Amino acid sequence: MSDLTSTCLAGRDLLRLLDLTPDEMSLVIQTAVAQKAAWAAGDHDAPLAGKAVAIILEKPSFRTRSSFEIGAARLGAHPLVMADDHSAFSRGAPVKDTACILNHFVEGIVLRTFAQSKIEELASWADVPVINALTDSYHPCQILADFLTLQEHGRRLKGLKIAYVGDGNNMANTYLEGGALMGMDVRVASPSGYEVEPSLVEQCREAAARFGTGAQIAVGNDPVAAVDGADVVFTDTWTSMGDEDQHARRLADFQGFCVTPELMSHADRDALFMHCLPAHRGEEVVPEVIDGPQSIIYDEAGNRLHAQKAVMSLLLGVPAPQDALDAVASMR
Ligand code: CP
Ligand code: NVA
């Protein structure tokens, strides 16, 4: 495992979870645990006072915008939110120009955009940490919050059986990456034609082997096989942002992939249900499941704040709490 220090993430980018080692991912989660407890205990320290974070949203957002904006403010930083067509990349501004100008204004950049190549290009020009707030390929901050939530619900991440039923999209990709790093048993079931890219599956298997996490990764087309004995069942919208013109076709193609009580009956009896939201009741999940006792969707959404506070503080150079370092060491 890697050498972990309190500032090992300072100055780094988070463009996808495989940018992190398993220990570094655990450090983010345990920092969120420590910071959340400290905040609840009345410790409202503002370690990023005097700094600014640009939050650029080129797709719609409710949870991500709220949690980054409030999270940055709670850390003491000024959140410069640009969620319109008239700001960061307006009037045909090249990515290089936007990055090189933001270098003068802010200490961190959060970006939600379409192509992963755009955030990679931004990061290549930015002198400050760049954080992926969702691209077509990945949603790393969501999965950090999800795994924090599972830990809070008493689940040990290593060895956890997680099933994702639905589109082989940014969420599926990122569960595979996070599961590979945390040593989970990850099963993904998608309709034919909507599978995760085989090259991504290979990268996750290779990372699991390189770090010796023990993760098991299975991808296929059978929701029941994926959910069988699972500790957690995840799903996501069948039509992601940018795919709206395919909605009618997707509704037809995804029949059989709705998370119903019958599908949940194949999971462990204490299985939890999670969804990054927004959800479409009656499409990818029925109300009996998402609004039922196994669902922890609101804790999941709420933890976006804590996971992203941890990401912003660590990448912007705030030392990790000793409790977080100790917790990671104790997990090895
Ligand atoms: N889960 C999530 O990222 O929500 P928003 O798209 O509303 O930010
Ligand atoms: N897959 C969804 C996730 C939304 C948070 C999308 O990209 O629209």
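Residues numbered from 1 in each chain as written. Chains lettered and ligands numbered in written order. Predicted model: local features only at pLDDT ≥ 70, side-chain atom pairs only at ≥ 80, totals over all residues. Heavy atoms only, no water.

Chemist: Where do I start with unusual backbone geometry in this structure?
Modeler: With the exception of glycine, the majority of residues adopt a negative phi angle, and the majority of peptide bonds are in the trans configuration. Cis peptide bonds are those with omega within 30 degrees of zero, and the linkage from Leu277 to Pro278 qualifies with 5°. Examined against the element boundaries, Pro278 turns out to sit in the loop between strand 9 (272-275) and helix 11 (287-290). Positive phi, normally seen in glycine, also occurs at Arg91, with a value near 55°. Relative to the elements of secondary structure, Arg91 occurs in the loop between strand 2 (78-82) and helix 3 (95-105). With respect to the helices, strands and loops of the structure, Leu277 is situated in the loop between strand 9 and helix 11. Residue Leu277 is classed as buried on the basis of its relative accessible area of 14%. (Helix = DSSP H or I, 4+ residues; strand = E, 2+ residues; numbered from the N terminus. Buried < 20%, exposed > 50% of the residue type's maximum accessible area, 1.4 Å probe, protein only.)

Chemist: Just to check I follow, could you spell out the site of ligand 1 for this structure?
Modeler: Near ligand 1 you find Ser61, Phe62, Arg63, Thr64, Arg112, His139, Gln142, Cys276, Leu277 and Arg304, and these make up its full shell. Contact with the protein chains hides 96% of the accessible area of ligand 1, taken as 250 Å² for the molecule alone. Its residues assigned to classes, the shell around ligand 1 comprises 3 nonpolar, 4 polar and 3 charged. (Near = heavy atom within 4 Å. Areas by Shrake-Rupley, 256 points an atom, 1.4 Å probe, with all protein chains shown as cover. Nonpolar A, V, L, I, M, F, W, Y, C, P; charged D, E, K, R; others polar.)

Chemist: Sorry, what's going on with the sheet that holds strand 1 (residues 52-57) here?
Modeler: Sheet strands pair by backbone hydrogen bonding; their relative direction is either parallel or antiparallel. Judged by pairing direction, the sheet is parallel, and its 4 strands sit side by side in the order 2-1-3-4 without closing on themselves. Edge positions in the sheet fall to strand 2 and strand 4 (130-132), since each has one partner strand and no second. If you compare each strand with its neighbour and ignore which way they point, the axes differ by 20° on average. In terms of strand pairing, strand 1 meets strand 2 through 5 bridges, oriented parallel. Residue pairing across strands places Ala52 opposite His78, the latter belonging to strand 2. Packing against the sheet, helix 2 (residues 63-74) makes contact with strand 1, strand 2, strand 3 (108-112) and strand 4, and its axis sits at approximately 155° to strand 2. (Pairing = 2+ DSSP bridges. Axes fitted to C-alpha atoms, helices over the stretch in contact; angles between N-to-C directions. Contact = heavy atoms within 4.5 Å.)

Chemist: I would appreciate a short explanation of the side chain of Arg250 in the present structure.
Modeler: Examined against the element boundaries, Arg250 turns out to sit in helix 9 (residues 247-253). With a relative accessible area of 6%, Arg250 lands in the buried category. In this structure, Arg250 is in contact with Asp167, Tyr194, Trp238, Thr239 and Asp243, ignoring residues within four places of it in sequence.

Chemist: Quick question: what am I supposed to make of the packing of aromatic side chains here?
Modeler: Ring pairs (aromatic) are described by centroid distance and by the angle formed between their planes. All told, the structure shown has 4 aromatic pairs when counted by the stated rule. Residues Tyr175 and Phe234 carry aromatic rings whose centres are separated by 4.0 Å and whose planes lie at 35° to one another, so their mutual orientation is tilted. Placement of Tyr175 in helix 6 (residues 170-182) and of Phe234 in strand 8 (residues 232-235) is noted, with a sequence separation of 59 residues between them. This pair shows no difference in class: Tyr175 is buried, exactly as Phe234 is. The interplanar angle of 25° and the centroid separation of 5.4 Å between the aromatic rings of Trp238 and Phe254 together place this pair among those described as stacked. Here Trp238, found in the loop between strand 8 and helix 9, pairs with Phe254, found in the loop between helix 9 and helix 10 (261-264); they are 16 residues apart in sequence, far enough to count as distant. Both residues of the pair, Trp238 and Phe254, belong to the buried class. An aromatic cluster is built from Tyr164, Tyr175 and Phe234, whose rings are joined through pairwise contacts. Its end group placed over the ring of Trp125, Lys96 keeps NZ or CZ at 4.9 Å from the ring centre. (Phe/Tyr/Trp six-rings, centres within 6.5 Å; stacked < 30°, edge-to-face > 60°. Lys NZ or Arg CZ within 6 Å of the ring centre and 35° of its normal.)

Chemist: Could you clarify how one ought to interpret the sheet that holds strand 6 (residues 185-189) in this entry?
Modeler: Strand order in the open sheet formed by 5 strands is 7-6-5-8-9, with parallel pairing between adjacent strands. What marks the edges here is a single partner per strand, and that holds for strand 7 (216-220) and strand 9. Within this sheet the neighbouring strands show an average axis-to-axis angle of 15°, counted without direction. Relative to strand 6, strand 5 (residues 161-165) runs parallel, the two being bridged by 5 bridges. Bridging from a neighbouring strand, Tyr164 pairs with Val188 of strand 6.

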